[in-house]
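# Structural characterization, general
If you want the building blocks of each chain, they are given just below.
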Amino acid sequence: MRDNLLGYLLNALEEDEARDVEVLAERDPEIQHDLQRLRSHVRLLDDSWVDVSPPAGLAARACAFLDAPAEVAVADDPAEAVVAETPIDEKPVPRSSRAFSAMTSDSSRFTMADMLVAAGACVAAAVIFFPALASSRMLASRLQCENNLHQVGMALHDFAYQNKQQAYPAIDTDGPADFAGSFGLPLVEQGHLKSPEFLSCAANRNENSKFRLPTLKEVAQAAPEQIPGLRANFNLVYNYNLGTQHNGRVIAPKMQGRADYPVVSDIVHVGDKGKLAPKGHGVTGVNILFDDGRVEFIRLDEIPELVRQYYFNDLGKVEAGVNENDPVLGSGFTKALSSR
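Residues numbered from 1 in each chain as written. Predicted model: local features only at pLDDT ≥ 70, side-chain atom pairs only at ≥ 80, totals over all residues. Heavy atoms only, no water.

## What to know about the overall build of the chain
Filter applied, for reference: Each helix is a run of DSSP H or I of at least 4 residues and each strand a run of E of at least 2, with the numbering of both proceeding from the N terminus. Contact criterion: two residues are considered in contact whenever any of their non-hydrogen atoms come within 4.5 Å of each other. In short, Shrake-Rupley with a 1.4 Å probe defines the accessible areas, and a residue's cover is counted only from the protein chains shown.
Helix and strand counts for the chain stand at 10 helices and 9 strands. If you take every contact in the chain between residues at least 6 apart in sequence, the share linking residues at least 24 apart comes to 62%. When the accessible surface of the chain is summed, it comes to about 22200 Å², and 55% of that surface belongs to carbon and sulfur atoms.

Now the structure itself:
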């Protein structure tokens, strides 16, 4: 209420507000007393006001002070130090902005040194990446080959269970199918093996061509000039156990669950002077399926003599073994009896 009284004396109230103050002053003696007391103080202010002239040159000094650059005030107490503001135009440019300006300026160029560094980085990446890629592909091919041999092993066991001798397929010594690669034909034709592709390692085949084997009937009925063409894919078939020689004939290998008796292996050709020439898997080793159904990858540089004995009989020949404990794995067109 005191604020309204003072506003009334200074003529700062609206008409309705001033009228309310007058009505209250008439009704309330106390408010009327306060109004008179405030009026006396206001009169004193009017009488005590003295005009004072500003000092000479005050405006010029004030303008000069405002135009002068701000300085850092050094104080004894660091908390009281005043840091002068730097004008916006004079603020330092961040490093990132300078780098961006340098990159986008006309003076920036991709120099020969930059090209050499980039080329070196690409070469280093290739040196690291491509051998790793080749190694992974080789491993994938080897694992796929192992799976194929497992499938062949199960098919051979199924075949053996269905005959009294529990023997694997025999290699003919006469006729058009008298070679090692024909062992898989009865497995496919009798339904023991779902696809002839299991009889060949993918590493030795053309990825764009489908692997196909002729039937026994096609081979048997083929004219002499047709046989070479029908036999072409047999070069891609795994090596197979040629069996055992007995009285001038060949006995098929029997299923006896022997852990050290090989039945099928990767393709390994016997070259001049008895040198082994494996195909696939980077010629580092061969996958071998044993009589007990186990598939093992054997490196040629670790146990060459052990591997060598699987491809020659005890007489050093590439033909059927001389006894049941003399396994020989023949490839493609290898005959069970070399004299035939």
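## Some points on the pattern of salt bridges
What counts, and what does not: A pairing counts as a salt bridge when a side-chain nitrogen of Lys or Arg comes within 4 Å of a carboxyl oxygen of Asp or Glu. Only protein chains enter the area calculation, which uses a 1.4 Å probe; residues under 20% of their type maximum are buried, those over 50% are exposed, and those in between are partly exposed.
Enumeration according to the criterion identifies 5 salt bridges in this entry. Put simply, arginine 142 and glutamate 146 hold a salt bridge, and the shortest N to O gap is 3.9 Å. Taken together, the residues arginine 142 and glutamate 146, both in helix α6 (residues 112–161) and 4 residues apart, mark about one turn of the helix. Relative accessible area serves as the criterion here: at 25%, arginine 142 is assigned to the partly exposed category.

## Description of the side chain of asparagine 241
In this fold, asparagine 241 is placed in strand β1 (residues 239–241). On the accessibility criterion, asparagine 241 (0% relative accessible area) is buried. Excluding residues that lie within four positions of it along the chain, asparagine 241 makes contacts with Pro253, Tyr261, Pro262, Val263, Pro327, Val328 and Leu329.

## Re the sheet that holds β1
Inclusion rule: Strand pairing requires that DSSP identify at least two bridges connecting the strands.
Across the sheet, 5 strands lie side by side as β8-β7-β4-β1-β9; this open sheet has antiparallel pairing. Lying at the two open borders of the sheet, with one neighbouring strand each, are β8 (295–299) and β9 (329–330). Pairing of β1 with strand β4 (residues 262–265), which is carried by 2 bridges, proceeds in the antiparallel orientation. Each residue of the ladder has a partner; that of tyrosine 240, found in β4, is valine 264.

## Description of the packing of aromatic side chains
How we decide: Only Phe, Tyr and Trp rings are paired, with Trp represented by its six-membered ring, and only when their centres lie within 6.5 Å; those with planes under 30 degrees apart are stacked, over 60 edge-to-face, the remainder tilted.
Counted according to the given criterion, the structure contains 4 aromatic pairs. Ring centres of phenylalanine 179 and phenylalanine 333 lie 5.3 Å apart, and the angle between their planes is 70°; this geometry places the pair in the edge-to-face category. Highlighted residues: phenylalanine 179 in the loop between α6 and α7 (184–189) and phenylalanine 333 in the segment after β9, separated in sequence by 154 residues. A relative accessible area of 32% means that phenylalanine 333 is categorised as partly exposed.

## Considering unusual backbone geometry
Of note, glutamine 166 is a non-glycine position whose phi angle comes to about 50°, a positive value. Summarising the element assignment, glutamine 166 is placed in the loop between α6 and α7. Of note in this structure, asparagine 247 is not a glycine but carries a positive phi near 55°. A relative accessible area of 69% means that asparagine 247 is categorised as exposed.

None of this, on its own, says anything about what the molecule does.
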